[in-house]
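Analysis of the macromolecular model
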Amino acid sequence: MAASLRRPSFSASSSSSADPDDEGVRGTCEDASICKRFAVSLGYWHDPYIQHLVRLSKERKAPEINRGYFARVHGVSQLIKAFLQKTECHCQILNLGAGMDTTFWRLKDEDLLPSKYFEVDFPMIVTRKLHSIKYKPFLLQPIIELHSEDTLQIDGHLLDSKRYAIIGADLRDLPELEEKLKKCNINPQLPTLLITECVLVYMTPEQSANLLKWAANSFETAMFINYEQVNMDDRFGQIMIENLRRRQCDLAGVETCKSLESQKERLLSNGWETASAVNMMEVYSRLPQAEASRIESLEFLDEMELLEQLMKHYCLCWASKGGSELGLKEITY
């Protein structure tokens, strides 16, 4: 019974040494979380959980930024739900570089949870998320409700429960990642959805290729969703790169973000059988009219051209391997 579960407590654990070169990358997690929290506060989408993980910025975000985040959340969510529908939720989800993402809780509310939901991020980010979960019953209670054991395993860099695991690991260290996932009972035979949002671009092309190969080789039936930059060779793309460099954040994998074709090619050359990609303006233009009207009524947007420019420099890619009997290759946006 959920009522008999005792409240978990943190066990002492030594904090891992942080690479100063990764500080800029960790900062992008904070930026994205704050932008999402601000967009939610304006009513772009419903997320009652993010306020328990992320502070509300006093600084107003530009309307094109808010719409961009809406398109991102909407696009990724549509593909997740398509995968869950094809597998009838008999699957697992592995969100790599998840940050303060709240998808686990939102899927639970919609009765769409997979067999198990895994998240991985830098240990420092995971520690912060686990601290919030431990002290916020609104976040902790849904995890306990699904957990059949007497105690919940939770320490500084790890939460493992029956349906949800959060793991502190470096995605560039694949042996460590695999070992930690195995300890949390990841199942290579179960259809698996892997998600990366603005993650691969911070790895060298070799590192991201290794991660994609590992993912393709580790799971018999799988789908991969990647959201990140595209068309980075033009002037607008160069300005984006320069702005990030000023904040000590280098896009180590930007050469793979030249075009939709280069994004698809990376997936196909690293073990994935099918690959598709669309820029975010395409995602935005395919919104149902009622939904587009609703979000466009939230804020006045002075320059539609700026929104279009921004959206054409981000893309949504998805790939699959195996799963022909489930129809994974038919999934489209």
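As recorded by an unreviewed UniProt entry, the chain carries the name Leucine carboxyl methyltransferase 1 and is attributed to Lynx canadensis. The Catalytic activity (unreviewed entry) field of the UniProt record for the chain holds the comment "[phosphatase 2A protein]-C-terminal L-leucine + S-adenosyl-L-methionine = [phosphatase 2A protein]-C-terminal L-leucine methyl ester + S-adenosyl-L-homocysteine".

The next subject is helix α12 (residues 304–311). Restricting attention to buried positions, one finds in α12 the residues Leu307, Leu310 and Met311. In an axial view of α12, the angular spread of the buried residues amounts to 95°, which keeps them on one side of the axis. Of the surrounding elements, those touching the buried residues of α12 are α2 (63–87), α8 (235–246), β8 (274–279), α10 (280–285) and β9 (314–321).

Take the packing of aromatic side chains next. A full pass over the atoms with the stated rule returns 10 aromatic pairs. Taken together, the aromatic side chains of Tyr49, Phe104, Trp105, Tyr117, Phe138 and Tyr164 make up a single cluster linked through ring pairs.

Before going further, it helps to spend a moment on helix α6 (residues 174–183). Within the sequence span of α6, burial applies to Leu174, Leu177 and Leu181. For α6, the angular spread of the buried residues around the axis is 60°, confining them to a single face. Away from its buried face, by an angle of more than 90 degrees, α6 presents the exposed residues Pro175, Lys182 and Lys183. At its buried positions, α6 is contacted by β1 (92–96), β2 (116–121), β5 (164–168) and α7 (205–218). One or two residues past the end of α6 sits Asn185, with phi positive at roughly 65°.

Rules of the game
- Residues numbered from 1 in each chain as written.
- Predicted model: local features only at pLDDT ≥ 70, side-chain atom pairs only at ≥ 80, totals over all residues.
- Heavy atoms only, no water.
- UniProt positions renumbered as here; feature names shortened; annotations may be inferred.
- Buried < 20%, exposed > 50% of the residue type's maximum accessible area, 1.4 Å probe, protein only.
- Helix = DSSP H or I, 4+ residues; strand = E, 2+ residues; numbered from the N terminus.
- Arc of directions from axis to C-beta.
- Contact = heavy atoms within 4.5 Å.
- Phe/Tyr/Trp six-rings, centres within 6.5 Å; stacked < 30°, edge-to-face > 60°.

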